[in-house]
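For reference, the chains in residue letters:
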There are 2 protein chains.
Amino acid sequence: MEYIKNFNVRNQRNLTMLVDFYELTMGNGYLESSVGNKISYFDMFFRRVPDHGGYCIMAGVQQLIEYLSSLKFTEDDIDYLRSKNIFSEKFLDYLKNFEFTCDVWAIPEGNPVFPNEPLVTVKGPAIQAQFVETMILLTINHQTLIATKANRICRAAEGRPVMEFGSRRAQGYDGAIYGARAAVIGGCSATACTIAEEMFGIPAAGTMAHSWIQLFDSEYESFKAWVDVYPDNCILLVDTYNVLKSGLPNAIKVFDEVLVPRGYRPKGIRIDSGDITYLTQKCREILDNAGYPDVEIIVSNSLDEYIISDVLAQGATINSFGVGERLITAKSEPVFGGVYKLVAVEDDEGNIVPKIKISENEEKITNPAFKKIYRIYDNIANKAVADLITLNDEEIDVSKPLEIFDPVYTWKRRRFKNYYVKQLMVKIFDKGKQVYESPNVSEIKKIVKEETEKLWPEVLRFENPHHYYVDLSEKLWNLKQDLLHDYSIVYED
Amino acid sequence: MEYIKNFNVRNQRNLTMLVDFYELTMGNGYLESSVGNKISYFDMFFRRVPDHGGYCIMAGVQQLIEYLSSLKFTEDDIDYLRSKNIFSEKFLDYLKNFEFTCDVWAIPEGNPVFPNEPLVTVKGPAIQAQFVETMILLTINHQTLIATKANRICRAAEGRPVMEFGSRRAQGYDGAIYGARAAVIGGCSATACTIAEEMFGIPAAGTMAHSWIQLFDSEYESFKAWVDVYPDNCILLVDTYNVLKSGLPNAIKVFDEVLVPRGYRPKGIRIDSGDITYLTQKCREILDNAGYPDVEIIVSNSLDEYIISDVLAQGATINSFGVGERLITAKSEPVFGGVYKLVAVEDDEGNIVPKIKISENEEKITNPAFKKIYRIYDNIANKAVADLITLNDEEIDVSKPLEIFDPVYTWKRRRFKNYYVKQLMVKIFDKGKQVYESPNVSEIKKIVKEETEKLWPEVLRFENPHHYYVDLSEKLWNLKQDLLHDYSIVYED
């Protein structure tokens, strides 16, 4: 994971204008109404883990940092906005001289995250904090979705390497590029997306398509030609005509007659169609009997965590997987529903006034106030036992027992004596200046490994995982109750 | 649809390296084995219409043209590839001096397209035709997916405008940007994605979020502030607290007390949550009774074609829709399964030798040979009645009757006397030079409108649409049968 060179060259796009138009109409309105400079607090959070999973893997912070540190409206942008005939010159001037001055906190990439806890918090003038809404959501939603899906797929593979193969079916170029990044964060060992290695230093790899085989006069000739070029990296695709009657016999023939006599060992065969369990078992047996127990079997046909679990349970003999469209689009649930909500506003005296968004749907009621999150770990098992969201000025004294409670069934209480805590969010921007350096992808992968190992196996389950508790501190819970009562309006029927 | 200015500025990324790594390993191998210069023919096609629909809307050709006309490996790319230690210096030199020399044909954007017909055909040296696989698939798969989904959603809206709102939940930045383009091609009237207007001249629009309302001391104050800034574009979001008890009464109060006295008419209200049918009917009644029958009702909460059809069938009174995540990700079926397959190779004498990819799954058997597609229209009804794939050198003489037949049940035959035909594919590159200028989005929208109007209503259905016939000419059918017999291998059991 070494090659990260022309990262900046590849990212020279200015995405400042990748913004929902209403953020501009509101911005113009905030400025006119002088609400624009009110210091506001917004949280980005999600409400539900996709695929009924137990947790998500945070991803996308590096790209969020790049975006926030390069906000810049060009003359062309200003001209375009002027042509809409709805923005004041005052607002256009403001954009022309735009300077990002917000504080931003985020949970570092690679950490398991849970519903209803802030993944990103922005504090700053309303006009600015509002403006960054779309890109915060777009960046974190996308990569967290794919990292989470990849983590599921890799768990299903039970330690076998999983390669990301999906560029061709991704939703747009960045779907492929940042999707590959997120997939590797989630656990994939490599990607087929070449540009992703240049950009992120994640290993790119690949061998041959069926067309390689078809372009030669025979399958045998095509394998032989491959061996001539890649004797020390010989993985042959064996399902172009018929795996057991043609592909595998031809492969073994080339191993026997060409590769081994030259002093090389073959690496593997790949199967891209057909009955995986049957074919891999047969191929394993034939390879073993032919003296190739070390030759690996790679499988790659419309896979996801469900199919991988199935074929492994059936006894398929597979060494590694290539996973395409169902990973790169998170096909089973392709939307990560992160939202970005106002949680507090400072009044003229600088007091932080918490805000709540009420809803008839209880799940959609937001957690108000400027907050932070503690992850609580059991000292003996070294497992995460709960997250606790507190007001930003609350401290946990780990020398004393900690009691937490279910925010709905408040009589459900747990008390920890032997525990340690970690604050989940880190400050990434201070008054608009970047104050955090994103780790690289291989460092982020380490975080994923370490932190998912600290989750109880019950939380890691695919089906019916244990609910991981995200509770509110007593102070925050009381504040929320007070706000709900304040905001509740008794309407005459 | 006028504003297209800094298109090139926005697209300065070099996406040459957005390629599956195996296209490079194969390329290196082709060059070593001298298969690389064999003139090859590849077709891009798909096998199934998503969501069980009757047709897809072709999209993405403009971006494909941009990619193909700007292929360029940088020094950094070459250095990176050299660092992999598997490519020959000969191959790296080839890339350094890479010149695209292929012929490319494509079906122009906006046309309805059907399974198993080529959407794109590439003819050129194997090494080149193979190299462009990923980007052809990625570009056409993504935009065709979204244009097709948008077309479904707009059909469900039965003429009411549909706005694309999904950037924040898109899969990556291009998912949002090119997704917005494809959505407007498919039928959306506008997008919330601002940068898409700058790039493609598609109208961007938007009003306010709930946070606008929450930032003021009261809902009424927030509406009043909006009216002060946007008196002639007053669309108010009425569901922050309670649509019928708070939002709508406050909106009408502001209309009555502020907007109308100043000589303006309000434009609309937007509802983003709750029971759509009930709320829109009630709001319509209240607005009508308050003297605002011209004020429109806009709805925008997790919509797709199914929900839109439902609420309209229930009698919801809606003037327009905002559609987000379920459109921008094609949530119900987020993968467009386009494939790219070798269909012919020229031999040393320049004869085109057709190639077929066989499969135990009959649907996966490819249509061999260098081909073209005729769309056949009934002269009297002016409706498309079938597509006919022929060998590239076949001509249809419309002065004579045309008989076509089902490629499986060959006794099912149809004979046309009074018909006209259109060749679907156009040449977009000739020996690597662009020879086709892509129409702009509003011109493409016209194609969508005209060409979908030429489909029978039975093909436009959501559920159980009539199968639109894509048949093979007799010559092509015979050729395919011959190849299947040639390639069939009788294995001893």
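Quick notes on the rules
Residues numbered from 1 in each chain as written. Chains lettered and ligands numbered in written order. Predicted model: local features only at pLDDT ≥ 70, side-chain atom pairs only at ≥ 80, totals over all residues. Heavy atoms only, no water. Helix = DSSP H or I, 4+ residues; strand = E, 2+ residues; numbered from the N terminus. Buried < 20%, exposed > 50% of the residue type's maximum accessible area, 1.4 Å probe, protein only. Contact = heavy atoms within 4.5 Å. Lys, Arg positive; Asp, Glu negative; His and termini not counted. Charge placed at Lys NZ, Arg CZ, Asp CG, Glu CD. Expected span 1.5 Å × (residues − 1). Arc of directions from axis to C-beta. Polar contact = N/O pair within 3.5 Å; in protein donor to acceptor, adjacent residues only side chain to side chain. pLDDT = per-residue confidence, 0-100. UniProt positions renumbered as here; feature names shortened; annotations may be inferred. Pairing = 2+ DSSP bridges. Patch = residues over 30% accessible without salt bridge, like charges linked within 9 Å, V, L, I, M, F, W, Y side chains within 5 Å. Areas by Shrake-Rupley, 256 points an atom, 1.4 Å probe, with all protein chains shown as cover. Salt bridge = Lys/Arg side-chain N within 4 Å of Asp/Glu carboxyl O. Axes fitted to C-alpha atoms, helices over the stretch in contact; angles between N-to-C directions. Parallel < 35°, antiparallel > 145°, perpendicular 65-115°, else oblique. Left-handed = near helix turned anticlockwise from the far one by under 90°. Right-handed = clockwise from strand over helix to strand, strands pointing away. Buried area = accessible area lost by both parts, 1.4 Å probe. Nonpolar A, V, L, I, M, F, W, Y, C, P; charged D, E, K, R; others polar. Phe/Tyr/Trp six-rings, centres within 6.5 Å; stacked < 30°, edge-to-face > 60°.

Novice: I'm lost on the overall build of chain A in this one. Help?
Specialist: Per the secondary structure count, chain A includes 18 helices and 21 strands. For chain A, the C-alpha atoms occupy an extent of roughly 85 × 60 × 50 Å along the three principal directions. Relative to its 493 residues, chain A shows a buried fraction of 62%. For chain A, the share of sequence-separated contacts (at least 6 apart) that also reach a separation of at least 24 residues comes to 74%. Looking at chain A, you have 55 positive and 71 negative side-chain charges, and the mean spots of the two groups are 2 Å apart.

Novice: Teacher, can you tell me more about helix α13 (residues 276–289) of chain A here?
Specialist: Helical geometry: 3.6 residues make up each α-helical turn, so side chains three or four residues apart lie on a common side. All names here are of chain A. Between the first and last C-alpha of α13 there are 20 Å, a value that for 14 residues agrees with the 20 Å anticipated at 1.5 Å per step. I276, T277, L279, T280, C283, R284 and L287 are the residues of α13 that are buried. Taken around the axis of α13, the buried residues stretch over an arc of 165°, which confines them to a single face. Looking at the buried side of α13, the elements it contacts are α12 (243–259), β9 (268–271), β10 (296–299) and α14 (305–313). A side-chain oxygen of the first residue of α13 lies 3.3 Å from the backbone nitrogen of T277; this N-cap is D275. Of the residues one or two after α13, G291 is the one with positive phi, at around 90°.

Novice: I would appreciate a short explanation of the confidence of the model for chain A in the present structure.
Specialist: Any residue range with low pLDDT should be treated as having predicted coordinates unsuitable for detailed reading. Averaged over every residue, the pLDDT of chain A is 95; residues scoring 70 or more account for 96%. Note on residues 6–10 of chain A: pLDDT under 50 across the span, and 15 contacts to partners over four residues away in sequence or across chains.

Novice: Got a minute to help me understand unusual backbone geometry in this structure?
Specialist: Negative phi is the rule for most residues except glycine; trans is the rule for most peptide bonds. Residue and element names in this part refer to chain B. With phi around 70°, N116 is a residue other than glycine that occupies positive phi space. You can see N116 is positioned in the loop between β4 (112–113) and β5 (120–125). Positive phi, normally seen in glycine, also occurs at A330, with a value near 45°. Of note, A330 is situated in the loop between α15 (325–328) and β12 (339–346).

Novice: Is there a simple way to explain the UniProt feature "domain: Nicotinate phosphoribosyltransferase C-terminal" (unreviewed entry) in chain A in this structure?
Specialist: Mapped onto the present numbering, the UniProt feature "domain: Nicotinate phosphoribosyltransferase C-terminal" (unreviewed entry) falls at residues 371–480 of chain A. The distance separating the terminal C-alpha atoms of residues 371–480 of chain A is 12 Å; by composition the span is 22% helix and 37% strand.

Novice: It is not clear to me how the sheet that holds strand β20 (residues 433–434) of chain B should be interpreted in this structure. Could you clarify?
Specialist: Working definition: the strands of a sheet are paired by backbone hydrogen bonds and lie parallel or antiparallel to each other. All names here are of chain B. The antiparallel open sheet is built from 7 strands, whose spatial order is β13-β12-β1-β5-β3-β19-β20. Taken across any chain shown, the strands that pair with only one partner, and hence form the sheet edges, are β13 (352–354) and β20. Relative to β13, β12 is paired through 3 bridges, and the arrangement is antiparallel. Along β13, the bridge assignment pairs A344 with P354.

Novice: Explain the sheet that holds strand β8 (residues 235–237) of chain B to me, please; I cannot follow it from the model alone.
Specialist: All names here are of chain B. Reading across from one edge, β7-β6-β11-β10-β9-β8 is the order of the 6 strands in this open sheet, with parallel pairing throughout. Strand pairing shows two members of the sheet lacking a second neighbour, β7 (190–191) and β8, which therefore form its edges. Taken together, the 2 bridges between strand β10 (residues 296–299) and strand β11 (residues 320–323) define a ladder with parallel strand orientation. Pairing of I298 across the sheet is with S320, part of β11.

Novice: Can you help me understand helix α18 (residues 474–487) of chain B in this one?
Specialist: Residues and elements named next belong to chain B. Taking 1.5 Å per residue, 14 residues should reach 20 Å; α18 reaches 20 Å between its end C-alpha atoms and fits that length. Restricting attention to buried positions, one finds in α18 the residues L476, W477, K480 and L483. When α18 is viewed along its axis, its buried side chains cluster within an angular range of 125° and face the same direction. Exposed side of α18, more than 90 degrees from the buried face: E474, K475, H485 and D486 are the residues found there.

Novice: What exactly am I supposed to notice about a nonpolar patch on the surface here?
Specialist: Taken together, the side chains of V408, Y409 and W411 of chain A make up a nonpolar region of the molecular surface, amounting to roughly 400 Å² of accessible area. Taking the relative accessible area as the measure of exposure, V408 of chain A reaches 61% and is therefore exposed.

Novice: How should I be thinking about the packing of helix α4 (residues 75–83) of chain B against helix α5 (residues 89–96) of chain B in this particular structure?
Specialist: Axes are the key here: two packed helices are described by the angle between their axes and the distance separating the axes. All names here are of chain B. Close contact between α4 and α5 brings their axes to 10 Å; oriented N to C, the two are set at 160°. Taken as axis vectors, α4 and α5 run roughly antiparallel relative to one another. Judged by the twist between their axes, the crossing of α4 over α5 is right-handed. Side by side, α4 and α5 meet where E75, I78, L81 and R82 of the first sit next to E89, L92, L95 and K96 of the second.

Novice: Explain the pairing of strand β9 (residues 268–271) of chain B here, please?
Specialist: The side chains of a regular strand alternate between the sheet's two faces. Residues and elements named next belong to chain B. Residue alternation in β9 divides its side chains into two sets, G268 and R270 and I269 and I271, and both sets are buried. Summarising the sheet, β8 and β9 pair through 3 bridges and their orientation is parallel. By the bridge assignment, L236 is partnered in β9 with I269. Once the chain exits β8 it traverses helix α12 (residues 243–259) before rejoining the sheet at β9, and the crossover so formed is right-handed. By the bridge criterion, 4 bridges tie β9 to β10 in an arrangement that is parallel. Directly across from R270, in β10, lies its bridge partner I298. The β-α-β motif built from β9, the intervening helix α13 (residues 276–289) and the parallel element β10 has right-handed crossover chirality.

Novice: What is the right way to read the interface of chain A and chain B from this model?
Specialist: A common measure of how large an interface is: the accessible area buried when the components associate. Taken residue by residue, the interface counts 112 residues in chain A and 112 residues in chain B. Here chain A meets chain B over a buried area of about 9500 Å², counting both sides, of which 57% is carbon and sulfur. A per-residue breakdown of the area chain A buries against chain B is headed by R168, Q171 and Y173 of chain A, which together make up 10% of the total. Residue R168 of chain A pairs with E133 of chain B through a salt bridge whose shortest N-O separation is 2.9 Å. In terms of residue count, helix α2 (residues 21–33) of chain A provides more of the side of chain A that touches chain B than any other element does, 11 residues in total. Broken down by class, the residue content of the side of chain A that touches chain B amounts to 51 nonpolar, 32 polar and 29 charged.

Novice: What exactly am I supposed to notice about the UniProt feature "domain: Nicotinate/nicotinamide phosphoribosyltransferase" (unreviewed entry) in chain A here?
Specialist: Following the UniProt record, the feature "domain: Nicotinate/nicotinamide phosphoribosyltransferase" (unreviewed entry) maps to residues 162–333 of chain A here. Helix makes up 48% of residues 162–333 of chain A and strand makes up 12%, while its end C-alpha atoms are separated by 20 Å.

Novice: Help me understand the packing of aromatic side chains in this model?
Specialist: Note on aromatic pairs: each is described by the distance of the centres and the angle between the planes. For the structure on display, the rule yields 44 aromatic pairs over all chains. With 4.7 Å between their ring centres and 10° between their planes, Y377 of chain A and Y420 of chain A make a pair best called stacked. One end of the pair, Y377 of chain A, is in strand β14 (residues 371–378); the other, Y420 of chain A, is in strand β18 (residues 419–423), with 43 residues separating them in the sequence. Here Y377 of chain A falls in the buried class, since its relative accessible area comes to 1%. Using a relative accessible area of 26% as the deciding quantity, one classes Y420 of chain A as partly exposed. With a centroid separation of 6.0 Å and 50° between ring planes, the pair formed by F98 of chain B and F131 of chain B is classed as tilted. Of the two residues, F98 of chain B is situated in the loop between α5 and β3 (103–106) and F131 of chain B in helix α6 (residues 126–131); the sequence distance between them amounts to 33 residues. The exposure class of F98 of chain B is buried, given its relative accessible area of 13%. Every member of this aromatic cluster is reached through a ring pair, and the members are Y30 of chain A together with W212, F216, W226 and Y230 of chain B.

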